[in-house]
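# Examination of the molecular architecture
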Amino acid sequence: MIKKGSYTIAFILAFSLLVLSYEPAKKGQTGIFNILYAKSLEKGKFQGGLFFDNYDRENRDTDVSNFNFSLAYGVSDKFELSAGINFLRRVEIDNLSDPYFFNSFPYGNKAFQEGLGELDIGGKYRILGEKDKFSGIALSGFASIPFSNREKGVTTTKLSAGGDLILSQSLGEKVYVSFNVGYTYHQSPDDVELSNEFRYGAGIEVPFVSNLKGLAELYGRSYTNDELKQKNPLDLALGFKYKFPNGFGVGVAYKRNLSFTEKVQRPDGGMAYLIWSPEKKKEFPPPPPPVEEIKEVPPPPPPAPPAPKIEIKFDEAYFAFDSYELTAQGKEVLDRASKVLNAYPQMEVQIEGHACNIGTDEYNLALGEHRAHAVKNYLVKEKGIDEEKLSTISYGEEKPKYDNSFEEKRRFNRRAEFKVTKEK
């Protein structure tokens, strides 16, 4: 339980296999914590998360801790479905004499109560924006179904529903900002009148160093029924997330209600998340058609035909993520390369190993070296190529040939290629 005067920074080790820079928000849909992104999950992909959220409200000096589990699935490249369950909610009330209750807990009548919260079912549709691009406009909606009864005191006991308009924009390639406006309808119990609410907020994601990113969001609510004396909260959350080269990640945030009056001594809270967004396995595209290895220019008319002009080209061998094991495509490329090397015994080549930008410089430099040696070993041991004709070098992630911003192109940077160092 969160005590008065404490500055709470909650921390949970999180894991995720990330495809893009997007992760699930608290209720499953793609976003930060509460702020949603217009970007949707791609078709067939899914993500999930465990979230801890602690916040404070001025009515009755209420302190709330939520533990949520959420899932989302990409029905199409523009539409995602989500579901989240609040499997534990803890509510601490320090001022039971306050006649004006907090809107979400009209039956809170004890100093400490806990129980199941709600099941949230929602969806989001991107109406503007290109696939694989962050910028765009989307609409989202949700319905919230409570589990606990009034004796538990941790829900309204009635259905709530709402929607949001989402505007997202990328600033450059790595800074993302998003703006949300929305409305929530609360069905009132027979003996208590609840207030509906307008919701608004903005969030930003900024890269720092390596795979560390800073997150910030400002999220507010404005209640529509002034007679209920609801205090409109304005929550500021500041946090970080870190992605490890192998796909795992951690996240943590500090949270503060900026609209508290001075008489309340507990405006601080925290937030943390555990996220899981596995990469959908993709097959390598079929190899490009074999490049014509030898092009002969027809000789001019006699009496002195020139020597044929020969142009040698080698295809690239591609590797799976974080692997230097040769793929079927890579072996086909090396089989063709061995025929060329056998045809020209005097030719010498350098094998270059490359990697994408996921991971540290040192790690990718070593990975590129392993890939280059894997190609060399196959040509020497399996195809009988003279080892003296082959040299290796690793460039790691220093020389990307394709755009590293998106996985669809980034995967082609996990490659090995040939450079002729001595002509035939």
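Refer to the structure printed above.
Relative to the helices and strands, Ser-178 is located in strand β11 (residues 175–186). At 2.8 Å, the side chain of Ser-178 and the side chain of Ser-168 are in polar contact. Setting aside chain neighbours within four positions, we find Ser-178 in contact with Ile-35, Leu-36, Tyr-37, Ile-166, Leu-167, Ser-168, Gly-201, Ala-202 and Gly-203.

Direction of pairing for β11 relative to strand β12 (residues 197–207): antiparallel, over a ladder of nine bridges. Each residue of the ladder has a partner; that of Ser-178, found in β12, is Gly-203. Pairing of β12 with strand β13 (residues 212–223) involves eleven bridges; the strand directions are antiparallel. In the sheet register, Ile-204 faces β13, and the bridge partner there is Ala-216. Once β12 ends, the chain turns through four residues before running back antiparallel as β13, passing Ser-210 with a positive phi of about 50°.

This paragraph deals with a nonpolar patch on the surface. A surface patch of nonpolar side chains, amounting to about 630 Å² of accessible area, comprises Tyr-125, Ile-127, Leu-128, Leu-139, Leu-165, Val-181 and Tyr-200. Take the nonpolar patch: its biggest share by element is three residues, from strand β8 (residues 118–128). Mapped onto the fold, Tyr-125 is located in strand β8.

Our next topic: the nonpolar core. The biggest cluster of nonpolar side chains holds 20 residues, and the ones touching the most others in it are Phe-314, Leu-341, Val-375, Leu-379 and Phe-418. Of all the secondary-structure elements, those providing two or more residues to this core are α1 (328–343), β18 (348–354), α2 (361–382) and β20 (415–422). Not counting the four nearest positions on each side in its chain, Leu-379 is found in contact with Leu-334, Ser-338, Leu-341, Ile-351, Gly-384, Ile-385, Leu-390 and Phe-418.

It is worth spelling out the environment of Ala-138 at this point. Relative to the elements of secondary structure, Ala-138 occurs in strand β9 (residues 136–146). Residues Ala-138 and Ile-166, 28 residues apart in the sequence, show an inter-C-alpha distance of 5.1 Å.

A few words on α2. For α2, spanning 22 residues, the distance from its first C-alpha to its last is 31 Å, which sits close to the expected 32 Å at 1.5 Å a residue. Within α2, the full set of buried residues consists of Asn-364, Leu-367, Gly-368, Arg-371, Ala-372, Ala-374, Val-375, Lys-376, Tyr-378 and Leu-379. Close packing links the buried residues of α2 with α1, β18, β19 (390–396) and β20. Of the residues trailing α2, Gly-384 is marked for its positive phi of about 70°.

All right, on to the packing of α1 against α2 then. With their axes 10 Å apart at the nearest point, α1 and α2 run at an angle of 55° to one another. Considering the angle they form, α1 stands oblique to α2. The interaxial crossing formed by α1 with α2 has right-handed handedness. Each of Lys-331, Leu-334, Asp-335, Ser-338 and Leu-341 in α1 lies in contact with α2, whose residues at this interface are Val-375, Tyr-378 and Leu-379. Per-class residue counts for the contact of α1 with α2 are five nonpolar, one polar and two charged.

Attention now goes to α1. With 16 residues, α1 extends 23 Å between its outermost C-alpha atoms, agreeing within 8% with the 22 Å of an ideal straight helix rising 1.5 Å per residue. Turning to α1, its buried residues are Gln-329, Gly-330, Val-333, Leu-334, Arg-336, Ala-337, Ser-338, Val-340 and Leu-341. As for α1, its buried residues are in contact with β17 (317–318), β18, α2, β19 and β20.

This part takes up the sheet that holds β19. Judged by pairing direction, the sheet is mixed, and its four strands sit side by side in the order β17-β20-β18-β19 without closing on themselves. Edge positions in the sheet fall to β17 and β19, since each of these pairs with one other strand and no more. Relative to β20, β18 runs antiparallel, the two sharing six bridges. Bridged to Glu-352 within β20 is Glu-417. Contacting β18, β19 and β20, α2 crosses the sheet at an angle of about 155° to β19.

Cut-off values and rules
Residues numbered from 1 in each chain as written. Predicted model: local features only at pLDDT ≥ 70, side-chain atom pairs only at ≥ 80, totals over all residues. Heavy atoms only, no water. Helix = DSSP H or I, 4+ residues; strand = E, 2+ residues; numbered from the N terminus. Polar contact = N/O pair within 3.5 Å; in protein donor to acceptor, adjacent residues only side chain to side chain. Contact = heavy atoms within 4.5 Å. Pairing = 2+ DSSP bridges. Patch = residues over 30% accessible without salt bridge, like charges linked within 9 Å, V, L, I, M, F, W, Y side chains within 5 Å. Areas by Shrake-Rupley, 256 points an atom, 1.4 Å probe, with all protein chains shown as cover. Salt bridge = Lys/Arg side-chain N within 4 Å of Asp/Glu carboxyl O. Core = buried A, V, L, I, M, F, W, Y, C linked by side-chain atoms within 4.5 Å. Buried < 20%, exposed > 50% of the residue type's maximum accessible area, 1.4 Å probe, protein only. Expected span 1.5 Å × (residues − 1). Axes fitted to C-alpha atoms, helices over the stretch in contact; angles between N-to-C directions. Parallel < 35°, antiparallel > 145°, perpendicular 65-115°, else oblique. Left-handed = near helix turned anticlockwise from the far one by under 90°. Nonpolar A, V, L, I, M, F, W, Y, C, P; charged D, E, K, R; others polar.

Honestly, that's just the spatial picture; any functional story needs more than this.
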